[in-house]
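One-letter residues, chain by chain:
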Amino acid sequence: MTLIETVSELRAWRRSAGKVIFVPTMGALHEGHATLVKEARQMAGSSAQVAASIFVNPLQFGPNEDFDRYPRTLEADLALCEASGADMVFAPAVREVYQADRSIKILETSLSNVLCGASRPGHFDGVCTVVAKLFNLVQPDESVFGKKDYQQLAIIRRLVRDLDIPVIIHGIETVREVDGLAMSSRNRYLTPEERAQAPALRAALVTARDAWHSGVTCGNSLLALIHDHLATHAKLGREDYVALVDQQTLESLAQAQPRSLIALAVHFGKARLIDNIELE
Ligand code: PAF
């Protein structure tokens with residue numbers, strides 16, 4: 001596996017790389033990321049290249065968010081990428097990606113006004129800007145994103161559609177701990193007591209999906225089931241949002257229908273956990 005840290009080396013690598021499947025990450029990698037790289041490996045087969053990036057993007061962190069304390073674990077991340085089948089990892093410094101006098105960014109004006117975007121102004125503009133830059137740098141044919149960050153996935157799909165970026169986007173199922181907690185780099189912020197309650201997020205979503213399967217379509221009723229479950233089983237948590245939305249537009253829905261999504265975010269001490277479930 002090749003490690004590349006500069007744009008000029010990356011451009012040289014790209015010239016002879018052929019077809020590329022790309023996994024952008026911010027590092028602090030866990031089994032969820034390993035799955036993304038392995039899926040990319042499978043898509044690439046033996047003829048195409050799997051590229052990953054490790055870059056903690058300052059543009060997507062708010063002033064009171066965890067940019068400085070976001071875990072940086074490059075050596076372990078590289079080992080995980082290699083073991084999962086990556087051919088190349090691009091791990092640039094911030095100054096390599098952003099010029100000091102940069103003056104252009106991408107604004108997303110619709111899908112980012114709800115869910116996580118509502119409480120993280122500018123976050124998805126930062127994500128769109130860095131992903132567009134990474135796509136320009138790596139020039140992948142296809143790219144994979146986890147469904148845990150469902151809003152991000154929907155926005156990236158919109159980004160490539162609206163800017164005619166020729167990259168096929170794949171959404172990959174969320175990888176979970178055995179007790180159902182979605183894997184996240186931020187789980188490490190949980191105290192043992194918070195960690196014990198965190199699986200309630202998944203359990204609450206499954207309760208709502210089971211109700212939908214048994215015929216409940218009223219959005220308020222489904223969301224009430226989730227609020228009740230969290231109130232009982234996640235007492236240390238503080239809800240940010242629980243919402244029933246369309247999977248593509250993220251517009252709020254009064255009635256669940258096929259291709260709906262229930263998404264939630266809950267604060268547990270220093271961690272803000274997100275999860276979601278598709279209603280098909
Ligand atoms: O999901 C992430 O890790 C980041 O938001 C991404 C897509 C790598 C952009 O920085």
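The structure presented is a predicted model; accordingly, all values stated were derived computationally and were not measured.

Colleague: Looking at this model, I keep getting lost on the packing of helix H1 (residues 7-15) against helix H6 (residues 123-138). Mind explaining?
Modeller: When two helices pack together, their arrangement is given by the angle between their axes and by how far apart the axes lie. At a minimum axis separation of 9 Å, H1 and H6 run at an interaxial angle of 55°. When the axes of H1 and H6 are compared, the pair comes out oblique. Across the interface between the two elements, Val7, Leu10, Arg11 and Arg14 of H1 pack against Asn136, Leu137 and Val138 of H6. Classifying every residue of the contact of H1 with H6 gives 4 nonpolar, 1 polar and 2 charged.

Colleague: So what exactly am I meant to see when it comes to the pairing of strand E8 (residues 260-268) here?
Modeller: When a strand is regular, its side chains alternate between the sheet's two faces. Across the 9 residues that make up E8, a large majority, 8, are buried. Of the strand pairs in this sheet, strand E7 (residues 237-246) and E8 are connected by 9 bridges, and their pairing is antiparallel. The partner of Val245 across the bridge, within E8, is Leu261. Across 9 bridges, the pairing between E8 and strand E9 (residues 271-279) is antiparallel. Opposite Ser260, over in E9, you have Leu279 as the bridge partner. Linkage of E8 to E9, two consecutive antiparallel strands, is achieved through a turn of 2 residues, within which Gly269 is found at a positive phi near 55°.

Colleague: What's the story with the environment of Leu244 in this structure? I'm lost.
Modeller: Within the secondary structure layout, Leu244 lies in strand E7. C-alpha separation for the pair Leu244 and Cys128, spaced 116 residues apart in sequence, amounts to 24 Å. Residues in contact with Leu244, not counting those within four places in the same chain, are Gly219, Leu223, Glu251, Ser252, Leu253, Ala254, Gln255, Ala256, Ser260, Leu261, Ile262 and Leu279.

Colleague: What is the right way to read the site of the ligand from this model?
Modeller: Near the ligand the following residues occur: Pro24, Thr25, Met26, Asn57, Gln60, Val130, Phe145 and Gln152. Take Gln60: an N or O atom from its side chain is 2.6 Å from an oxygen atom of the ligand. Here Gln152 contributes a side-chain N or O atom positioned 2.7 Å from an oxygen atom of the ligand. For the ligand, the protein covers 88% of the area, taking 290 Å² as the surface of the free molecule. When its residues are assigned to classes, the shell around the ligand shows 4 nonpolar, 4 polar and no charged.

Colleague: Got a minute to help me understand the sheet that holds E7 in this structure?
Modeller: The pairing of strands in a sheet comes from backbone hydrogen bonds and takes either a parallel or an antiparallel form. One open sheet holds the 3 strands; their spatial order is E7-E8-E9, and the pairing between them is antiparallel. On the outer flanks of this sheet lie E7 and E9, each paired with one strand and no other. Taking each pair of neighbouring strands and ignoring which way they run, the sheet shows an average axis angle of 15°. Packed onto the sheet, helix H9 (residues 200-213) meets E8 and E9 and runs at close to 20° relative to E9. Contacting E7 and E8, helix H10 (residues 219-233) crosses the sheet at an angle of about 160° to E7.

Thresholds applied
- Residues numbered from 1 in each chain as written.
- Predicted model: local features only at pLDDT ≥ 70, side-chain atom pairs only at ≥ 80, totals over all residues.
- Heavy atoms only, no water.
- Axes fitted to C-alpha atoms, helices over the stretch in contact; angles between N-to-C directions.
- Helix = DSSP H or I, 4+ residues; strand = E, 2+ residues; numbered from the N terminus.
- Parallel < 35°, antiparallel > 145°, perpendicular 65-115°, else oblique.
- Contact = heavy atoms within 4.5 Å.
- Nonpolar A, V, L, I, M, F, W, Y, C, P; charged D, E, K, R; others polar.
- Buried < 20%, exposed > 50% of the residue type's maximum accessible area, 1.4 Å probe, protein only.
- Pairing = 2+ DSSP bridges.
- Near = heavy atom within 4 Å.
- Polar contact = N/O pair within 3.5 Å; in protein donor to acceptor, adjacent residues only side chain to side chain.
- Areas by Shrake-Rupley, 256 points an atom, 1.4 Å probe, with all protein chains shown as cover.

On their own, these measurements won't tell you what the molecule is for.
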